[in-house]
Amino acid sequence: MPEGRVPNKLYHWVPSHGRRSRGRPRKTWSSCVLNDYRDATGQSQSLRAITNTAENRNEWRQLTSLRARILGAGHSND
């Protein structure tokens, strides 16, 4: 995806203002993706590396079917 497209800008956006609320930080979509990838493969990768893997449809399909067999279908945000 080209760098100038709005979805790409939103995907990589990090807020730089405001104050964080007290307590444990909320889980983010990217942290859930990183944890799911690590749980499915046993490897720790950067979000960029996981994005590159997702762009290869065959490789991503194998990874997601492996995750479904090991962890069960669906996503847990616990």
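Our subject in this report is the structure included herewith. What you are looking at is a predicted structure, and each value in this text was computed from that prediction instead of being measured.

## A closer look at the layout of surface pockets
Quantified by volume, the largest pocket comes out at close to 430 Å³. Broken down by secondary-structure element, the contributors of at least two residues to the lining of the largest pocket are helix 1 (6-12), helix 2 (29-41), helix 3 (47-55) and helix 4 (57-71). It is helix 3 that contributes the most residues to the lining of the largest pocket, six residues altogether. The residue makeup of the lining of the largest pocket, split by class, is 12 nonpolar, four polar and five charged. Contributing to the lining of the second largest pocket are 14 residues, with P15, R20, P25, R26 and T28 lying nearest its centre. Residue classes in the lining of the second largest pocket are distributed as three nonpolar, five polar and six charged.

## Quick look at helix 2
Spacing of three or four residues puts side chains on the same side of an α-helix, whose turn is 3.6 residues. When the terminal C-alpha atoms of helix 2 are compared, their 18 Å separation across 13 residues agrees well with the 18 Å that a helix rising 1.5 Å per residue should span. Looking at helix 2, one finds that the buried residues are C32, V33, D36, Y37 and A40. One side of helix 2 carries all its buried residues, which in axial view fall inside an arc of 130°. Trailing helix 2 by a residue or two, G42 shows a phi angle of about 80°, which is positive.

Reading guide: rules and limits
Residues numbered from 1 in each chain as written. Predicted model: local features only at pLDDT ≥ 70, side-chain atom pairs only at ≥ 80, totals over all residues. Heavy atoms only, no water. 1 Å grid on protein atoms, 1.4 Å probe; cavity = no way out; pocket = protein on both sides within 12 Å on 5 of 7 lines; lining within 4 Å. Points joined across faces, edges and corners; volume = space filled by probe spheres on them. Helix = DSSP H or I, 4+ residues; strand = E, 2+ residues; numbered from the N terminus. Nonpolar A, V, L, I, M, F, W, Y, C, P; charged D, E, K, R; others polar. Expected span 1.5 Å × (residues − 1). Buried < 20%, exposed > 50% of the residue type's maximum accessible area, 1.4 Å probe, protein only. Arc of directions from axis to C-beta.

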